[in-house]
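Chains, contacts and geometry: an overview
For reference, the chains in residue letters:
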Amino acid sequence: MKVVVVGATGNVGTSVVRALEADGDVTSIVGVARRMPSWRGGRTEWRRADVVTDDLTRIFDGADAVVHLAWLFQPTRDATVTWRANVLGSMRVFRAVAETGVSTLVHASSVGAYSPGPKDRAVDESWPTHGWPGAAYGREKAYVERVLDVFENDHPGIRVVRMRPGFIFKREAATEQRRLFAGPLVPRRLIRPGRIPFVPDIPGLRLQALHADDAGEAFRLAVTRPVSGAFNLAADPVLDPAELARLLGARTVPVSAWVARSAMAAGWHLRLLPASPGLLELVLQIPVMNVDRARDVLGWTPRHTAGDAVQELMDGLHDGAGLDTPPLAPRGEPAGEIPAGVGVWP
């Protein structure tokens, strides 16, 4: 089996590559990225390509499966840039899959594609995927779901799998996630359990997470097993303010959603925070997911708890951890990111 991984150098991509390399039935892996990594997997061939501009058919030719992970989170201040990369780029990936006769397409969707939903009960994969219009991330994930609807209708011979994970963390991705979402002003030395003073208890703050290596294993199973359709991915427990406070050795402090959003909006407009206030709104709106289908149909069981994933993130933030790929690599002191633009790095 030959598998092409598009967006292979990021948080999830590096874990997908590792999982595929450990599978003896996968004989050839091609990692595709805009910028070549120094990090190398054992059996992976690397190809440079931009999903927006480059010819993908020459890379996909002869592949049995394509895993599409490439996604831009920044710049949040210019939605046309992320739309081109995420929506139009995904459409070009899907078109190249069809043109080259690839039989399996595994696409990284997200919990962020879901319409607003309940926090007190879990929803399955049939919940509507119309996103949250106030955040570009949700709009784009939802739009690509509609593109896939058309793609599946037009290409019934191609097996399509949609993975909808919660928040994905691992130690090596901590610096990238700090750069993309928290910015350079986060005091790294204070990011330790017991040093964080409080966790804001915001109404609706209930989210799900999983370790990137567990996500990588789920993608491997989606590639190698004869499954199709959507799969929710998350580990227990659901993370609410009380659970986050327990993990971080902090206390909870009640904060209204309006105050939290206003503070985040102020930081974003002052260019101190890279994450837009719409992302907070999205987190407060997304439903809690039921992951029974991933367990029963895909045969997936996470090895790490959601708390393990958060702990790795915190340790990685404190240590400035990364990996030798362009998205994940630490790049000197955080203050050096300010001239390029908070949240953006060439």
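A few points on the structure. All values derive from a computational prediction rather than experimental measurement.

1. Some words on helix 9 (residues 277-285)
The buried fraction of helix 9 amounts to eight of the nine residues, a majority that puts the element mostly inside the structure. Of the residues making up helix 9, those classed as buried are Pro 277, Gly 278, Leu 279, Leu 280, Glu 281, Leu 282, Val 283 and Leu 284. Residues of helix 9 that are buried make contact with helix 4 (136-154), strand 8 (167-169), helix 5 (174-182), strand 10 (207-211) and helix 8 (257-269).

2. Remarks on the sheet that holds strand 12 (residues 235-239)
Within the open sheet, the three strands sit side by side as 8-10-12. Their pairing is mixed. Strands with a single pairing partner mark the edges of an open sheet, and in this sheet they are strand 8 and strand 12. Pairs of neighbouring strands in the sheet enclose a mean axial angle of 35°, with direction left out of account. In this structure, strand 8 lies alongside strand 10, joined through three bridges in parallel fashion. Along strand 10, the bridge assignment pairs Phe 167 with Ala 209. Lying over the sheet, helix 11 (residues 306-319) contacts strand 8, strand 10 and strand 12, oriented at roughly 70° with respect to strand 12.

3. Looking at the packing of aromatic side chains
In total, this model carries six aromatic pairs according to the counting rule given. Taking 5.9 Å as the distance between ring centres and 50° as the angle between the ring planes, the aromatic pair formed by Phe 94 and Phe 151 counts as tilted. On the criterion of sequence distance, the pair formed by Phe 94 in helix 3 (residues 79-100) and Phe 151 in helix 4 is long-range, its members being 57 residues apart. Phe 94 gets classed as buried once you look at its relative accessible area, which sits at 2%. Taking the relative accessible area as the measure of exposure, Phe 151 reaches 7% and is therefore buried. One aromatic cluster in this structure is built from Trp 71, Phe 73, Tyr 137 and Phe 181.

The rules behind these values
Within each chain, residues carry numbers counting from 1 in the order of the written sequence. Reporting in this predicted model follows two pLDDT cut-offs: at least 70 for local features of residues, and 80 or more for side-chain atom pairs to be given and counted; totals over whole chains, interfaces and linings ignore these cut-offs and use all residues. Side-chain numbers here rest on the full set of heavy atoms in the structure, without hydrogens or water. Here the term buried applies to any residue with accessible area under 20% of the maximum for its type, exposed to any over 50%, and partly exposed to those in between, with areas from a 1.4 Å probe on protein chains only. Each helix is a run of H or I in the DSSP string that is no shorter than four residues. Each strand is a run of E no shorter than two, and both are numbered from the N terminus. Only heavy atoms enter the contact rule, under which two residues are in contact if any of them lie within 4.5 Å. Paired strands, in this sense, are two strands between which DSSP finds at least two bridges. Lines fitted to the C-alpha atoms define the axes, with helices restricted to the stretch that makes contact. Angles between their N-to-C directions range from 0 to 180 degrees. Two aromatic rings from Phe, Tyr or Trp, using only the six-membered ring of Trp, form a pair when their centres are within 6.5 Å; if the ring planes differ by under 30 degrees the pair is stacked, by over 60 it is edge-to-face, and anything between is tilted.

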